[in-house]
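Topology and contacts: notes
What follows is each chain in one-letter form.
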Amino acid sequence: MLECSGTGNMRITIIGTGYVGLVTGLCFCELGHEVVCIDVLREKVKAIQAGRAPLYEEGLQELLDKHLSNGRFHASLDYDEVLRTDITFLCVGTPSRADGSMDLSYLEIATRSLAEVLARKKGYHVVVVKSTVTPSITDKFVAPLLASCSGKKLPKEIGVAANPEFLREGSAVSDFMHPDRIVIGASDARTGNMVKMLYQSFKCPILEVSPTTAEMIKMASNVALATRISMINEIGNVCKELNIDVRQVAEGIGLDERIGKAFLNAGAGFGGSCFPKDVKGLLALADQMGIKPLLMKAVLDVNEIQPLRMIDLLEEHLGLDGKTIAVLGLAFKPDTDDVRESRSIAVVRSLLNKGAKVRAHDPKGMENFSKLFPNIEYAKSAKECVKNAHAVLIMTAWPEYSEEKLYGAKLVIDGRGVVKTKNYEGICW
Ligand code: NAD
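This section reports on the structure supplied with the text. Just so we're clear, the structure is a prediction, and the values are computed from it rather than from any experiment.

1. Observations concerning the site of the ligand
Around the ligand sit 29 residues in total, of which D39, K44, Y79, T94 and K277 are the nearest. The separation between an oxygen atom of the ligand and a polar side-chain atom of D39 is 2.6 Å. Between T132 and the ligand, the recorded distance is 2.9 Å, taken from a backbone N or O atom to an oxygen atom. Surface burial for the ligand is 91%, taken as the share of its 830 Å² of free accessible area covered by protein chains. Mapped onto the shell around the ligand, the elements with two or more residues apiece are α1 (19-30) and α4 (105-118). It is α4 that contributes the most residues to the shell around the ligand, 3 residues altogether. Its residues placed into classes, the shell around the ligand shows 14 nonpolar, 8 polar and 7 charged.

Set out below in structure tokens:
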């Protein structure tokens, strides 16, 4: 029934070679499959072909070296590569539009390009939506588009499934290889079985649901995590007024088994390409349906205000006009170079608006941040960043920012709880 390679493993196409696509592709190689990753960015594909991972994730470069040299993996600009594979994962971005709804234009273009090639393919093919999408996009948008642009019959000739990804940037390879669960939303049993075969070596629960339910599980998971962060941040803001250290409170509430310890770190708010856009996406969908979701809106509101507390706290100590402020941490979290929706963006913008001079540092995120703020100063090291600054804002919990001696007697406003210094103010403690 399946068209498999000689080793009995599957031949996989990944469309969209970003954080999810490249990690997924290389991890499938690690599981024994053959993978081609397709992207439209020539530079990205060239870098991968030359053996350079175009993004930072622990262990990714090693996987790339290994699977380029054993021939299981390659990258390409050419969609015709799909013809030599059995299954294709769509991993393109699904960013927010201005109104918060999901922009499906990358998914649409990728699906059309894929369908045009599938029109020429002999035999069965499975298409899996791994991008995060609002419920019903796989059934009501991707599947009909594939059918109309390929002229093929679904599900007889093309099977369609949603298989959302739960990896976290910063630990993406490890998360992919050791997931809490796999969620497969297939339109029919044959498709579901084919997707399931890919994950047969995993010991975690595999949940088989409808595509729409799979999509909702992904979005609801991100809403749940974002809600916890905004909840503890709001509690933290109250704690600070009462001279209570919210970190002790988090420890105390986390010991309740019904609550648990994870995701109770108060701080400057959540960023990244997923939580903000997924909460906005579900909120926009609910709005369209005439539901007025109060909680999701509040989660986002708290998160918009939270990083600006850093500025408020700073201004309680000094006027900002003409001052040099060191901003430590630009990536939205440690162990990644991703600055999308980083809370540092709002902080840097506000500092500049108030006439401050910004000197910034991040071990991995400076190149990406400099595309957003080309005119601020970037320091080669945390030490150089802090030197001669009037105050320091810690925005990302990189371990190297936890050295107390880095700061001397300088005013430090800590948005992530990484250090305790002589002249210190914590965001929620
Ligand atoms: P990304 O921006 O890092 O990568 C997307 C890639 O798709 C880019 O390289 C882009 O050039 C490529 N692309 C765009 N149009 C294309 C086309 N027509 N053909 C081929 N390639 C094309 O995005 P990402 O962070 O990997 O996220 C991808 C999806 O996965 C999103 O829906 C996101 O919400 C979801 N997701 C992301 C994470 C994460 O931590 N980043 C985790 C889980 C799920």
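2. Side note on the environment of G355
Its place among the elements puts G355 in the loop between α13 (343-353) and β10 (357-361). Judged by its relative accessible area of 30%, G355 falls in the partly exposed class. In sequence terms G355 and K323 are 32 residues apart; their C-alpha atoms lie 7.6 Å from each other. Apart from residues no more than four positions distant in its own chain, G355 is found in contact with L320, D321, G322 and K323.

3. Some thoughts on a nonpolar patch on the surface
Together, V238, L242 and I244 make up an exposed nonpolar region whose accessible area comes to about 260 Å². Tracing the backbone through its elements, the reader meets L242 in the loop between α8 (211-241) and α9 (246-254). Owing to a relative accessible area of 56%, L242 belongs among the exposed residues under this scheme.

The rules we used
Residues numbered from 1 in each chain as written. Predicted model: local features only at pLDDT ≥ 70, side-chain atom pairs only at ≥ 80, totals over all residues. Heavy atoms only, no water. Near = heavy atom within 4 Å. Polar contact = N/O pair within 3.5 Å; in protein donor to acceptor, adjacent residues only side chain to side chain. Areas by Shrake-Rupley, 256 points an atom, 1.4 Å probe, with all protein chains shown as cover. Helix = DSSP H or I, 4+ residues; strand = E, 2+ residues; numbered from the N terminus. Nonpolar A, V, L, I, M, F, W, Y, C, P; charged D, E, K, R; others polar. Buried < 20%, exposed > 50% of the residue type's maximum accessible area, 1.4 Å probe, protein only. Contact = heavy atoms within 4.5 Å. Patch = residues over 30% accessible without salt bridge, like charges linked within 9 Å, V, L, I, M, F, W, Y side chains within 5 Å. Salt bridge = Lys/Arg side-chain N within 4 Å of Asp/Glu carboxyl O.

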